[in-house]
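So the chains spell out like this:
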Amino acid sequence: QVQLVESGGGLVQAGGSLRLSCTASGTIFSINGMGWYRQAPGKQRELVALITSGGSTNYADSVKGRFTISRDNAKNTGYLQMSSLKPEDTGVYYCNADVRSRSYRTAVTYWGRGTQVTVSS
């Protein structure tokens, strides 16, 4: 079994910065892609950023140039550096990861429970 735990959320003023972390624990052989998603009140969950095991990244248009996704494979941890935050960035941020628990197993997608980010105007 694998657990993902997010941290780093909080309340910040518009224009400020936050750094989210997502650490995977449990039986892990390797982690393929990792991603960050967010869900604002009354809205559907949306993709924020993705990073492959090789470090290739992809971002939602709304966060390009402001957010940076990264990962530390040795620590099984992913990060989301958020800068120039706007009130519309407010929401619960979730991470996910495609994890192989054994070399002979296919990857399974796991989700964290989320961390709240609130940006005040």
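What this report covers is the structure whose coordinates are included nearby. (Residues numbered from 1 in each chain as written. Predicted model: local features only at pLDDT ≥ 70, side-chain atom pairs only at ≥ 80, totals over all residues. Heavy atoms only, no water.)

**Things to note about the overall build of the protein chain**
A tally of helices and strands in the protein chain yields zero helices and 11 strands. In sequence order, the secondary structure elements of the protein chain are arranged as β-β-β-β-β-β-β-β-β-β-β. The C-alpha atoms of the protein chain give 14 Å as radius of gyration, which agrees with the globular expectation for 121 residues (14 Å, within 12%). With the principal axes as the frame, the protein chain shows a C-alpha extent of 50 × 25 × 25 Å. As displayed, the protein chain has an accessible area near 6,500 Å², and 45% of this comes from carbon and sulfur atoms. (Helix = DSSP H or I, 4+ residues; strand = E, 2+ residues; numbered from the N terminus. Rg over C-alpha atoms; globule rule 2.2 N^0.38 Å. Areas by Shrake-Rupley, 256 points an atom, 1.4 Å probe, with all protein chains shown as cover.)

**Quick notes on the environment of Leu 4**
Within the secondary structure, Leu 4 is located in strand β1 (residues 2-7). In this structure Leu 4 comes out as buried when scored by relative accessible area, which is 6%. Dropping the residues within four chain positions of it, Leu 4 is found in contact with Cys 22, Thr 23, Ala 24, Cys 95, Asn 96, Ala 97, Tyr 110, Trp 111, Gly 112 and Arg 113. (Buried < 20%, exposed > 50% of the residue type's maximum accessible area, 1.4 Å probe, protein only. Contact = heavy atoms within 4.5 Å.)

**Concerning the nonpolar core**
Among the nonpolar cores identified, the biggest contains 28 residues, and Trp 36, Val 48, Phe 67, Leu 80, Met 82 and Tyr 93 are the most heavily contacted of them. Sequence-distant contacts of Leu 80, defined by excluding residues within four places in its chain, comprise Leu 18, Arg 19, Leu 20, Trp 36, Val 48, Ala 49, Phe 67, Thr 68, Ile 69 and Tyr 93. (Core = buried A, V, L, I, M, F, W, Y, C linked by side-chain atoms within 4.5 Å.)

**Digging into empty space enclosed by the protein**
Tallied over the entire structure, the rule returns one cavity of 30 Å³ or more. The calculated volume of the largest cavity comes to roughly 40 Å³. Among the elements of the structure, β4 (30-39), β7 (67-72), β8 (77-82) and β9 (91-100) are those that each provide at least two residues to the lining of the largest cavity. The leading source of residues in the lining of the largest cavity is β4, at three residues. (1 Å grid on protein atoms, 1.4 Å probe; cavity = no way out; pocket = protein on both sides within 12 Å on 5 of 7 lines; lining within 4 Å. Points joined across faces, edges and corners; volume = space filled by probe spheres on them.)

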